[in-house]
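Read off the chains here:
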Amino acid sequence: MDLSKLNDKQKEAVKHIDGPLLILAGAGSGKTRVLTNRVAYLINEVGINPRNVLAITFTNKAATEMKERIFSIIGDTALQVQISTFHSFGYRIVRENYHLLGLDKNFTILDESDSVIIIKKILKDINLDPKQYNPKAIKSAISGAKNVLMNAEEYSRFSNTPWDEIVIKVYRIYEETLKKSNAVDFDDLLMLPIHLFKRNSEVLEKYQERYKYILIDEYQDTNEAQYKLTKMIGAKYRNVCVVGDGDQSIYSFRGANYNNILNFEKDYNNAKVILLEENYRSTKTILNAANEVIKKNKIRKDKNLWTSNEEGSKIKYYRAYDEKDEAHYVTSNIKQLHSEGIPYEEMAVLYRTNAQSRVLEEHFMLENIPYKVVGAYAFYNRKEIKDLIAYLKLIYNDKDDVNLIRCINVPKRGIGAKTTDKLQMKADVEKVSIYEVIDGGKELIFKNLIEDFKQKASESSLTELVEYVINKSGMKQELLNEKSIEANIRLENLDEFKSIAMAFEEHNGVVSLEEFLMQISLVSNSDDTKDEREKVSLMTMHAAKGLEFDVVFAVGLEEGIMPHTGFDASKSDIEEERRLFYVTITRAKKHLFLVNARMRLLFGDRSIREESSFIKEIEEEHIEFQNKKREEISTINKEDKFYTEDVDFNQGDIIVHDDFGEGVIINVEKSIITVSFAYPHLVKKLLKKHKSIKKKQVI
DNA sequence: CGGCAATGTGTTTTT
DNA sequence: CACATTGCCG
C-alpha cells in the first residue's frame, strides 16, 4: 500500500495495529486520510477480516464519505466494513436483538416531534397544564437522563425538586407509552444496547468478537452513552482507536463530554498517543488567526498547530449596515470570486442559527447564484411529508398511535377530535392500540384502507407502495381539488418524496419498507441522492464540522448571535462558543470573510448589534477592514421602496416573490399569473394576491 | 366537523 | 416574525 503521501506521524497512526490508540488531530491535519488509510491498511496489509472492523462517524455524511474513500483505496472489500453513525449502529443492535428488548420485530423509531406529542398527551392525562410545564423541556430532560443511562427509577434517586418529580412521573408513563406503541425514540438507540449488554454478557461477547477493531471519529463529541457503548464493545480486544480534537468540541448541549477524550489514557492504560499538528488545509494567516482565538480558552490542552502553506491573503472583515447589506456583501464577493475561477462548490456561508439563512437565500436567488442549504431537514418537517410518513409508519407498525392520529383524518374524512378522543380512551382502558379498538364507523373504513395498504406493501416495490398510498389515501385528490399554489407545492413535495423512495430503491436494489423508514428516521438530509455540484453551500456552523472550502463567509458575527447568548446569559458557555468560532474559521482553505451587521431584524424588531468580541481576538495584522463604500449601503436601502402592494399585474411586469426572487410575468388569467423565475425555480403559476408577491415598480 | 380569525408564545446548535 | 393553539360560528 502506498503510504508515501503521509507524514511520519500519520504513518505511525496508520501502522498501529493492536492496542488502544488516541489520535489528537488538530483542524485540517488530515485525520480523515489517516482513518481511511488505517482501515485499508488493517484489511489489505495486516489481513484483518473487513467484517471485524467497525468505524463510527458523527454524521451520515461523514460515514458516506469515509466509505467512498476506503472504497477508492481497496475496492469492493470496503463494502464489508461496518461504517455508520452511533445511532445507525445502535439501531442495528436493537434490530438484531428486538426479542430481548421487549419489542416486536416491526418496531419503529419515533422522531422528536412524535415524542413531544406523546408528552403533551401524558401531561393532559395527569391533569397538568402543558403551558406551565413545557413539553419540550420535559422531553429534553428525559433525553438528558437517557443520555447518562438513567431510567426513571435511577433519576428519582437523586432528584428532589418539584420539577424533577414531574419529569420522573412523565418519564415513567412515556416509557410505557413507547412500549405499548412498539416504538423507540432516538436516545433508546444508544441506551437499549447498553442495557442489553449489561444484562446479557453472551450477547455482548458476540459483538466483541464481531467488532475486533473499532475506530471512532470526533471522539470529543461523544456523550456518556456513546462512550459507554464504545468501551463495552472494545473491552475484550482493546483495539480501540479514537480520533478527535478537544478544541473542536461543540456539542455539549447535547450531552457531549470532551473529558472523554482527555481521559482516554486513563481509561485505556498503555494507550499509544499520536499528535497530528501539521495543518494542510489553511493559509498561515487563517491558521494564525484561529490559534489566536482558541488560545483564549482557559480549559484546554495547549497544542502547536502549524502549517507550511503560504501566507495567503488577509482575512476580510466587513461591518454591514443591516442584514440585507450583509447578504449583499456576501453575494457580490461570491460573484467576484467565481469570475476569478473559484467554483461555487468551493464556497460556503456559515451562520450560527438556521433562522439566518432566509435573508441570505433571498439574495442568492435575486443575484442568480446557485446554492444549497445543507443539513436543512425542513423537507421532512413539511406537513404533507409527515402525513405521508405517518401512513408508512402505521402500515409498518399499527400500534403507533401517534402516527395513526396524525393521518387518520388526512385527507378530511370527518373523523375529528371527538372521535379520536373516544378511540384513545377506549384504547387506554383496554390497554391496547387505537388501531385494535377500531370496530365501526368511518374509522373502520380507514382501518380497511390501512389493511389494503399492508397487502400492497407485501406484494409490491417501495416506490409502488408510496405511489399507491399517495393516490388511494386521497391525499392527492384533496390537493388537486384545492387548486392553490400551496397545494401545488405540496403535490410537488409528494412527488419529490416518491423520487427519494425511487432513488433509494435503485441505489440499494429491492428495499423493504423497514429499511426505508429506518433511513428517513436516521438520515436528515435527502440531498445525497441528488446532484449537488456547482452550488454554494449555506449551513450552520455546527453542520460545517468536518468540511472544508476554499472560501468561507462567517456571517452574523455579533454579540448575542456569535457568541450566542440565550435568554439566560449565565447559562451560555463562552468557551464552547469560542470553539465553534474556531471550527468555523478553520474550515477555510484560502479566503476567510468575517461579516456582521450594525442593525438586524431579530425576533420581530430591529436591534442595534454590537460586533462579536471574537473578532477582536484576532490580531489586526491579519485583517483587512472593508468598510469604505457607504454609498453602496444607501442604494441597498432604497431597494425596499421598489416594492408595492399593487395587484394590477400585466404581462411583462417584473415581480418579486419572497421565496423565488425576481421574475417576469409571462401570462395573466383571472387570479393566476404565470411567472418566469431565474434558475432553479423557472416557470411557476402563482395566485395574484398571495402575500409573498410584490410588484416591482419602475421609478 | 371544519374553517377562519384572534390570540399567544417562543426563538441555538442535531443524531 | 412565524408558528401553534384556541374559540367561535356555519
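None of the values given here were measured: they were computed from a predicted structure. (Residues numbered from 1 in each chain as written. Chains lettered and ligands numbered in written order. Predicted model: local features only at pLDDT ≥ 70, side-chain atom pairs only at ≥ 80, totals over all residues. Heavy atoms only, no water.)

Q: Tell me what's going on with the overall build of chain A, and back it up with residues and numbers.
A: When helices and strands are counted, chain A shows 27 helices and 22 strands. Taken against the 2.2 N^0.38 rule, which gives 27 Å for 699 residues, the C-alpha radius of gyration of chain A at 27 Å falls within 12% of a compact globule. Principal-axis analysis of the C-alpha atoms places the extent of chain A at approximately 75 × 75 × 55 Å. Out of the 699 residues in chain A, the part that is buried amounts to 53%. Accessible surface computed for chain A: about 32,300 Å², of which carbon and sulfur atoms make up 50%. Across chain A, the centroid of the 104 positively charged side chains sits 2 Å from that of the 111 negatively charged ones. (Helix = DSSP H or I, 4+ residues; strand = E, 2+ residues; numbered from the N terminus. Rg over C-alpha atoms; globule rule 2.2 N^0.38 Å. Buried < 20%, exposed > 50% of the residue type's maximum accessible area, 1.4 Å probe, protein only. Areas by Shrake-Rupley, 256 points an atom, 1.4 Å probe, with all protein chains shown as cover. Lys, Arg positive; Asp, Glu negative; His and termini not counted. Charge placed at Lys NZ, Arg CZ, Asp CG, Glu CD.)

Q: Describe helix H5 (residues 112-125), naming the residues involved and giving the relevant values.
A: Every α-helical turn comprises 3.6 residues, leaving residues that sit three or four positions apart pointing alike. Taking 1.5 Å per residue as the helical rise, H5 with its 14 residues ought to reach 20 Å, and the 20 Å between its terminal C-alpha atoms agrees with that figure. Here the buried face of H5 lies against helix H6 (135-147), helix H8 (162-180), helix H17 (383-396) and helix H18 (401-407). One or two steps after H5, the chain reaches Asn127, where phi turns positive at roughly 60 degrees. (Expected span 1.5 Å × (residues − 1). Contact = heavy atoms within 4.5 Å.)

Q: How would you explain the protein's contact with DNA strand B if you had to name every residue and give the values?
A: In the vicinity of DNA strand B lie 25 residues, with His87, Arg254, Arg352, Asn354 and Lys412 positioned nearest. Backbone atoms, meaning sugar plus phosphate, form 66% of the atoms of DNA strand B positioned within 4 Å of the protein. In this structure, His87 approaches DNA strand B through a side-chain N or O atom, which is 2.7 Å from a base oxygen. Counting residues per element, the surface near DNA strand B draws most heavily on helix H19 (residues 417-430), which supplies three residues. (Near = heavy atom within 4 Å. Polar contact = N/O pair within 3.5 Å; in protein donor to acceptor, adjacent residues only side chain to side chain.)

Q: Account for the pattern of salt bridges, with residues named and values stated.
A: Considering all chains together, one arrives at 48 salt bridges under this definition. Glu175 is paired through a salt bridge with Lys146; the nearest N and O atoms lie 2.9 Å apart. Remark: Lys146 occurs in helix H6 and Glu175 occurs in helix H8; sequence separation between them is 29 residues. A relative accessible area of 1% means that Lys146 is categorised as buried. Here Glu384 makes a salt bridge to Arg382, at a shortest N to O gap of 3.0 Å. We classify Arg382 as partly exposed; its relative accessible area is 35%. A single network of salt bridges, built from pairs that share partners, joins Lys31, Asp217, Glu218, Asp221 and Lys545. (Salt bridge = Lys/Arg side-chain N within 4 Å of Asp/Glu carboxyl O.)

Q: Describe the confidence of the model for chain A, with residues and values.
A: Across chain A, the average pLDDT comes to 88, with 90% of residues at 70 or higher. Throughout residues 629-646 the model reports pLDDT below 50, and contacts reaching past four residues in sequence, or to other chains, amount to 26 contacts. (pLDDT = per-residue confidence, 0-100.)

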